[in-house]
Amino acid sequence: MDPEEFRRAGHELVDWIADYRLRAATLPVRARVRPGEVLGALPASPPEEAAAFAEILHDLDAVVVPGLTHTQHPRNFAWFPSNASLSSVLGDITAAGLGALGITWQSAPALTELEQVVCDWMRQLAGLSEGWHGTILDGASAACLVALLVARERATDGSQRRSGLQGEPSPLTVYCSADAHSSVAKAALLAGYGSDHLRLLAPAGPARCMDAAKLDEAMSADRAAGRRPAAVVATAGTTGTTGFDPIGAVAEVARRHGAFLHVDAAMAGAALLLPEHRHLFEGIEEADSLCWNPHKWMGTVLETSLFYVRDPAELVGVMATDPSYLRSSVDGAVVQYRDWGIPLGRRFRALKLWYQLRLDGPEAIRRRLRRDLAHAARLGELVAAEPGWELVAPVQLQTVCVRHVPDGCGPDELDAHTLAWCEAVNASGQAHLTPSLLDKRWMVRVSIGAEPTEWDDVEATWRLMQEAAATTTPGREG
Ligand SMILES: Cc1ncc(COP(=O)(O)O)c(C=O)c1O
């Protein structure tokens, strides 16, 4: 494709994307395809001849769009907000268009230095001190893995440069809430700690916070048994109920036991942009590393996960490689982001965030986040006031966790009912919610925060939930 062909197709594509966003509200929220249906609609063997761009657009409409759950739909309340603000989409297109190669500062100085600037802008917007140094990783899972690798090396004084964990005299232990995201356990396993040395602490109270006294007990017990507490992962905004671990109290315990503290604020970190919500993150300055994903609620295109560390030298000491073909005369004087994470080659990750901050502006982003918080609080009040319905966790931010509890329903019947009414909502195509286990019992999460969601969308979904619950109430089905 030459630049003139690209220009023509590109205009058509931008029109197509704009039209898709305009009509997203008319599509069924949840994908209706059956497993294998997209596969069956596509040729099994690759093409030999060039296709016209119109054929690609046709396939987008005929095969790809029906094969999607529409996260940009105003009644998408599933999982977590995964907004892709159009300002940020332009940044992502630019990154692809420039095709810059991020393997070393020299290969694309602007790629590195713009990322330094944007990470620092985000630090300032989040109210974090100057002691944090950031990079953009692909996700919070990667950030947690990197944090636990650094913690491992800190606890063993650089065992990777000797025999690794296999040469260590006693095992290292990791601690998090049982409500922490599955990526924490995954990171602990991948970093070699082993599931026997991962402590999942029961969350306490209705707000489901990690209990710092219980953490202290668990760490003391491990030390008494000859194990070495290496890392604690505190969650700020759990996936299930948006619970906040008390970071300050957890940090004090972690420090006393000599453990590294990582804060996972993947979804809820966007609330750092709102000064009135920063109290939820009290103590965050005491952590060794932290991560949050602008690619969730804030609305930057996916694979924009901010990872901040206190001590970049410690991080680089664990992650750095030094192949001869990447060396240059400026080494030592510049940031080499390949040494801050796992991949070598990176695209121009910062552009989508840079565009969003400049084209939308932080104040508009804050307004939207506050709108979503107001919607969640209002829905929470409606649910709490409605007979037969209960809020199963406090509404801390934008997630509302609910159950409909018909009279006389036993626990197993209630689980079946919860799944049934949620599925009825999702199958309707008019809204999308996520069922999730809380203490081994099903509840439903209404995660508010899609960019186009207005109060009418929340209210209509609440009506739909009530209708679905009424028609699936045991003894009253159909
Ligand atoms: C609290 C928390 N941590 C981590 C993750 C994983 O994030 P990522 O997909 O960026 O790896 C999620 C995703 O939902 C999350 O809610």
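Fair warning: this is a prediction, and the values are worked out from it, not measured in the lab.

A.B. asks: Honestly, the overall build of the protein chain in this entry has me stumped. Any pointers?
C.D. replies: Secondary structure assignment for the protein chain yields 14 helices and eleven strands. For 478 residues, the compact-globule estimate of 2.2 N^0.38 gives 23 Å, and the protein chain sits close to it at 24 Å. On the principal axes, the C-alpha backbone points of the protein chain span a range of 65 × 65 × 45 Å. Among the 478 residues that make up the protein chain, the fraction classed as buried is 50%. In the protein chain, 75% of the contacts between residues at least 6 apart in sequence involve partners at least 24 apart. Per element, the accessible surface of the protein chain, about 21,400 Å² overall, is 56% carbon and sulfur. Positive and negative charge centroids in the protein chain, built from 44 and 60 side chains respectively, lie 3 Å apart.

A.B. asks: Whenever I open this one, helix α8 (residues 212-224) confuses me. Can you help?
C.D. replies: An α-helical turn contains 3.6 residues, so a residue and the one three or four places further along point in the same direction. Between its first and last C-alpha, α8 extends 18 Å over 13 residues, near the 18 Å set by a 1.5 Å rise per residue. Turning to α8, its buried residues are Ala212, Leu215, Asp216, Ala218, Met219 and Asp222. Viewed end-on, α8 has its buried residues packed into an arc of 165°, placing them on one side of the element. Exposed positions of α8 whose direction lies more than 90 degrees from the buried face are Glu217 and Ala224.

A.B. asks: Hey, could you run me through the environment of Ala350 in this one?
C.D. replies: Note on placement: Ala350 falls in helix α11 (residues 350-359). Taking the C-alpha atoms as reference points, Ala350 and Thr112, 238 residues apart in sequence, are found 8.6 Å from one another. Ignoring sequence-local partners within four residues, the contact set of Ala350 consists of Leu114, Glu115, Val118 and Ile136.

A.B. asks: What's the story with the pattern of salt bridges in this structure? I'm lost.
C.D. replies: Side chains that differ in charge, positive against negative, can pair when their charged atoms come close. Evaluation of the coordinates by the stated rule reveals 32 salt bridges. Arg208 is the salt-bridge partner of Asp439, the closest N and O atoms lying 3.0 Å from each other. Pair noted here: Asp439 is in the loop between β10 (434-438) and β11 (441-447) and Arg208 is in the loop between β3 (198-201) and α8, with a separation of 231 residues, a long-range link. In this structure, a network of salt bridges that share partners links the residues Asp92, Arg347 and Lys352.

A.B. asks: What is the right way to look at the sheet that holds strand β4 (residues 228-235) in this model?
C.D. replies: Adjacent strands of a sheet form backbone hydrogen bonds with each other and so pair up, either parallel or antiparallel. Spatially, the seven strands line up as an open sheet ordered β1-β7-β6-β5-β4-β2-β3, and their pairing is mixed. Here the strands that pair on one side only, and so sit at the sheet edges, are β1 (133-137) and β3. If you compare each strand with its neighbour and ignore which way they point, the axes differ by 20° on average. In terms of strand pairing, strand β2 (residues 172-177) meets β3 through four bridges, oriented parallel. Residue pairing for β3: Cys176 is matched across the bridge by Leu200.

A.B. asks: What exactly am I supposed to notice about the nonpolar core here?
C.D. replies: Looking at soluble globular proteins, one finds that nonpolar side chains tend to be buried together. With 59 residues, the main nonpolar core has Met122, Leu215, Val232, Leu261, Phe281, Trp292 and Met298 as its most contacted residues. Residue contributions to this core peak at six residues, all from helix α5 (residues 109-125). Those residues in contact with Phe281 that lie beyond four places of it in its chain are Ala236, Phe244, Ile247, Ala265, Ala268, Gly269, Ala271 and Leu272. Within the second largest apolar cluster, 35 residues are counted, among which are Ala140, Leu145, Val233 and Val318.

A.B. asks: I'm lost on the state of the cysteines in this one. Help?
C.D. replies: Joining two cysteines, a disulfide is a covalent bond between their sulfur atoms. All told, the structure shown has zero disulfides when counted by the stated rule. You can see Cys291 has no disulfide; the closest cysteine sulfur is in Cys144, sitting 8.4 Å from it.

A.B. asks: Quick question: what am I supposed to make of the pairing of β4 here?
C.D. replies: Residues in a regular strand project their side chains so that they alternate between the two faces of the sheet. Along β4, seven of the eight residues are buried, which leaves the element largely enclosed by surrounding structure. As paired elements, β2 and β4 share five bridges and run parallel to each other. Among the inter-strand pairings, Val174 is bridged to a residue of β4, identified as Ala231. Bridging between β4 and strand β5 (residues 260-264) involves five bridges; their strand directions are parallel. Looking at β5, one finds that Thr235 is bridged to Asp264.

A.B. asks: What should I look at first to understand the site of the ligand in this one?
C.D. replies: Not every one of the 13 residues close to the ligand is listed here, only the nearest: Ala140, Ser141, Thr239, Asp264 and Asn293. One of the side-chain nitrogen or oxygen atoms of Ser141 is found 2.5 Å away from an oxygen atom of the ligand. The separation between a nitrogen atom of the ligand and a polar side-chain atom of Asp264 is 2.6 Å. Starting from 400 Å² of accessible surface for the ligand in isolation, the protein chains cover 86%.

A.B. asks: How should I be thinking about the packing of aromatic side chains in this particular structure?
C.D. replies: Remark: the centre distance and the inter-plane angle together describe each pair of aromatic rings, the angle taken between the planes. Summed over the entire model, instances satisfying the criterion amount to six aromatic pairs. Centre to centre, the rings of Phe244 and Phe281 are 5.4 Å apart; their planes meet at 85°, and the pair counts as edge-to-face. In this pair, Phe244 is assigned in the loop between β4 and α9 (247-256) and Phe281 in the loop between β5 and β6 (289-292), connecting sequence segments 37 residues apart. Measuring from ring centre to ring centre gives 5.3 Å for Tyr337 and Trp340, while their planes differ by 75°; the resulting arrangement is edge-to-face. Put simply, the rings of Trp389, Trp421 and Trp462 pair up and form one aromatic cluster. It is Arg310 that lies over the ring of Trp132; its NZ or CZ is 4.1 Å from the centre. When the ring centre of Trp354 is taken as origin, the NZ or CZ atom of Arg358, which lies over that ring, is 4.7 Å away.

The rules we used
- Residues numbered from 1 in each chain as written.
- Predicted model: local features only at pLDDT ≥ 70, side-chain atom pairs only at ≥ 80, totals over all residues.
- Heavy atoms only, no water.
- Helix = DSSP H or I, 4+ residues; strand = E, 2+ residues; numbered from the N terminus.
- Rg over C-alpha atoms; globule rule 2.2 N^0.38 Å.
- Buried < 20%, exposed > 50% of the residue type's maximum accessible area, 1.4 Å probe, protein only.
- Contact = heavy atoms within 4.5 Å.
- Areas by Shrake-Rupley, 256 points an atom, 1.4 Å probe, with all protein chains shown as cover.
- Lys, Arg positive; Asp, Glu negative; His and termini not counted.
- Charge placed at Lys NZ, Arg CZ, Asp CG, Glu CD.
- Expected span 1.5 Å × (residues − 1).
- Arc of directions from axis to C-beta.
- Salt bridge = Lys/Arg side-chain N within 4 Å of Asp/Glu carboxyl O.
- Pairing = 2+ DSSP bridges.
- Axes fitted to C-alpha atoms, helices over the stretch in contact; angles between N-to-C directions.
- Core = buried A, V, L, I, M, F, W, Y, C linked by side-chain atoms within 4.5 Å.
- Disulfide = S-S within 2.5 Å.
- Near = heavy atom within 4 Å.
- Polar contact = N/O pair within 3.5 Å; in protein donor to acceptor, adjacent residues only side chain to side chain.
- Phe/Tyr/Trp six-rings, centres within 6.5 Å; stacked < 30°, edge-to-face > 60°.
- Lys NZ or Arg CZ within 6 Å of the ring centre and 35° of its normal.

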